[in-house]
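# Chain and residue survey
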Amino acid sequence: MIKRYLINISEPSDLDLTQDNLMKKIAQALLTIAGLNLAGLHLASPVFAEEVMTIEITEGVENATPIAIVPFESPEAGLPVNISQVVTDDLESSGYFKTMPVTDMPSQPNDFKSIMFDDWKRMGMDNLVVGKASETASGYAIEFRLADVYKGSQLTGLRVMSKASSLRFAAHQISDVIYEKLTGEQGVFATRITYITVKKEGKKKRYHLEMADADGSNPVVLFSTSHPIMSPVWAPNGHQLAYVSFEEGNSAIYVQNISTGKRQMVASGRGINSSPAWSPDSSKLAMTLSKDGNPEIYIKNIRTNQFTRITNNRAIDTEAAFSPDGRNLVFTSNRGGSPQIYQTPVSGGSAQRLTFNMGKYNAGASYSPDGKMLTFVHQSNGAYQIAVLDLDYQQLTVLTDARQDESPSFAPNGNMIIYSTNRGHRSELAAVSVDGKIHKRLTIRGSEVRDPDWGPFVR
């Protein structure tokens, strides 16, 4: 577990859910997996991935806020991580800021008293970040100050204590503080994402469960196999992942500790075992099982191993997700004739359809962190795109325009949604803001990337 030390400085300063297609797809997968060599499984201590994800802003907000991140003063021996560059990349990648190139800076002050505000005003900068790093007995102390150029005042200042191995995380923390101060929203640069990569090895494919910082840096392979894996999902406690693997010849749900690599199988009966989703307290998993015949939603208590059946309908019920307060589940069902989003109380009761007059296909929903919105895959004119639904006003907004988008997941601040998209017969990741103004593309060279899930705030 990574600990955070922040000290205030007070001085100035795909699923097609028709019955036939779903069963056909599952049957084909099971037949394919059954013929694979089970020796392809690999589970070891987490290792760094070979390729790093790159982020490209394809569309940002108009009139992005100008900000300059002055290179931080560093110890004579230098730093293993360029703190100011990480902060610059973070803020630039948000789509809300336009950072100033170092070569255009009129000076490079390292403390608040050295700032010549008139020079920065002439350059059109709204805000300025200055800082320095110094060695300590256990690592480094990074001090920074955020200044309002036009008022000539300090907006915030912090000292972050970090070990050498955690310097990049410390830089993300600094970015989060700056972002929150200037936008009013909590930043997510110090959070992590998980996803599946698929790489060709000769004529075969290898599947990797990977974890990385939110900017794609520090990618780590948590699990690797020659069999399909899918649907990774973070536990809200930030210490575990649940996912589906076919390594035993049939779908099974596993829970894995991201630090130790230790994992346990939590559902492996005959038929379908899919779509895990954590409860807010990380003690239970909702999942789709066909152990009693029809695909239904169940909840399993991880501590007691007890199952509770939630749905009981002749239709296909799948892709459940807990509400932030843990009282309700949303799920996908074709009980009305086409895949739609329903909500049901965890404590028991009838399901309520949420997607009326919103087309013939809405699937794979999850709640925003504040519970006010859902994101899911919406079909429009033959294309499968990412949409959000305002639950109070029943207003649907389609955010993307590709032909095949899937697996949307909210960032923990609710501002962005990460998802997978198919471009040029390859799957890659993308992200979009909930207002549709900011679009990002996240790619890993040489790999297909799919099934992303955005992790919680680091505790």
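Along each chain, the written sequence defines residue order, and numbers are assigned to residues from 1. Only residues with pLDDT of at least 70 get local features here, since the model is predicted, and only at 80 or more are side-chain atom pairs given and counted; chain-wide, interface and lining totals rely on the full set of residues. As a convention, hydrogens and water are excluded, and side-chain values are obtained from all of the structure's heavy atoms.

Going along the chain from the N terminus, every DSSP run of H or I of four or more residues is numbered as a helix, and every run of E of two or more is numbered as a strand. For the protein, the helix and strand inventory stands at 4 helices and 32 strands. Note on exposure labels: buried denotes an accessible area under 20% of the residue type's maximum, exposed denotes more than 50%, and partly exposed covers the range between, all computed with a 1.4 Å probe on protein chains only. Across the 459 residues that make up the protein, the buried fraction comes to 54%. Split by element, the accessible area of the protein, about 21,000 Å² in all, is 46% carbon and sulfur. We get accessible surface area from the Shrake-Rupley algorithm with a probe of 1.4 Å; when it comes to residues, only the shown protein chains can shield them.

The next point concerns the packing of aromatic side chains. Centre distance within 6.5 Å is the pairing criterion for rings of Phe, Tyr and Trp, where only the six-membered ring of Trp is used; planes under 30 degrees apart are then read as stacked, over 60 as edge-to-face, and the remainder as tilted. Taken as a whole and assessed by the stated rule, the structure comprises 8 aromatic pairs. When the ring of Tyr96 is compared with that of Tyr179, the centres are 6.2 Å apart and the planes differ by 70°; the resulting orientation is edge-to-face. Of this pair, Tyr96 sits in the loop between helix H2 (83-93) and strand E5 (97-99) while Tyr179 is found in helix H4 (residues 167-183), placing the two residues 83 residues apart along the sequence. Here the aromatic rings of Phe223 and Tyr243 are separated by 5.5 Å at their centres, their planes lie at 35°, and the arrangement is tilted. Here Tyr243 lies in strand E13 (residues 240-245) and Phe223 lies in strand E11 (residues 220-225), a separation of 20 residues in the sequence. Taken together, the ring pairs in this structure connect Tyr96, Phe97, Tyr179 and Phe189 into an aromatic cluster. Distance and angle both matter: a charge sits over a ring if NZ of Lys or CZ of Arg is within 6 Å of the ring centre and within 35 degrees of the ring normal. Above the face of the Tyr254 ring, Arg263 is positioned so that its terminal group lies 4.0 Å from the ring centre. In this structure, Arg335 packs its charged tip against the face of Tyr342, placed 5.4 Å from the ring centre.

So, on to the pairing of strand E6 (residues 127-135). As paired elements, strand E4 (residues 65-69) and E6 share 3 bridges and run parallel to each other. Its bridge partner lying in E6, Ile67 is registered against Asn127. Two strands pair when backbone bridges link them, and E6 and strand E7 (residues 140-148) are joined in this way by 9 bridges, in the antiparallel orientation. Its bridge partner being in E7, Val130 is matched across the sheet by Arg145. Paired strands are those between which DSSP finds at least two bridges.

With that settled, consider the confidence of the model for the protein. Taken residue by residue, the protein gives an average pLDDT of 88. The fraction at 70 or more is 88%. Each residue carries a pLDDT score, the predictor's own confidence in it, on a scale running from 0 to 100. By definition in these notes, contact holds between two residues if any of their heavy atoms fall within 4.5 Å. Below pLDDT 50 for its whole length, residues 1-45 participates in 102 contacts with residues either more than four positions away or in separate chains.

Our next topic: the environment of Ser114. Structurally, Ser114 is set in the loop between E5 and helix H3 (117-122). Judged by its relative accessible area of 38%, Ser114 is partly exposed.

In any sheet, the strands associate via hydrogen bonds between backbone groups, in a parallel or an antiparallel arrangement. With antiparallel pairing, 4 strands are arranged side by side in an open sheet as E24-E25-E26-E27. Strand pairing shows two members of the sheet lacking a second neighbour, strand E24 (362-367) and strand E27 (395-398), which therefore form its edges. Each neighbouring strand pair of the sheet contributes to a mean axis angle of 30°, computed without reference to strand direction. Fitted lines through C-alpha atoms give the axes, limited to the stretch in contact for helices. The angle between two N-to-C directions lies from 0 to 180 degrees.

A pair is scored as a salt bridge if a Lys or Arg side-chain nitrogen falls within 4 Å of a carboxyl oxygen belonging to Asp or Glu. For the coordinates displayed, the defined rule picks out 12 salt bridges. Salt-bridge contacts for Asp118 lead to Lys121; the nearest nitrogen and oxygen are separated by 3.9 Å. Residue Asp118 and its partner Lys121 are located together in helix H3, separated by 3 residues, close to a single helical turn. Look at Asp118 and you get partly exposed, because its relative accessible area is 49%. A salt bridge links Arg168 to Asp215; the shortest N-O distance between them is 3.3 Å. Here Arg168, found in helix H4, pairs with Asp215, found in the loop between strand E10 (204-213) and E11; they are 47 residues apart in sequence, far enough to count as distant. Residue Asp215 is classed as buried on the basis of its relative accessible area of 15%.

Glancing now at the sheet that holds strand E20 (residues 317-322). Strand order in this open sheet of 4 strands is E20-E21-E22-E23, and the pairing throughout is antiparallel. Two strands lie at the open edges of the sheet, namely E20 and strand E23 (352-353), each paired on one side alone. Sheet topology note: the strand E21 (residues 328-333)/strand E22 (residues 340-345) ladder contains 6 bridges and is antiparallel. By the bridge assignment for E22, Ser333 is matched with Gln340.

Time to look at the nonpolar core. Core analysis: the biggest nonpolar cluster contains 43 residues, and Ile83, Leu91, Ile142, Ile174 and Ile178 have the highest contact counts within it. Top contributing element to this core by residue count: H4, with 7 residues. Contact partners of Ile174, with chain neighbours within four places excluded, come to Phe72, Ile83, Val87, Ile142, Phe144 and Val160. Only buried residues count toward a nonpolar core, which is a set of Ala, Val, Leu, Ile, Met, Phe, Trp, Tyr and Cys residues joined through side-chain atoms within 4.5 Å.

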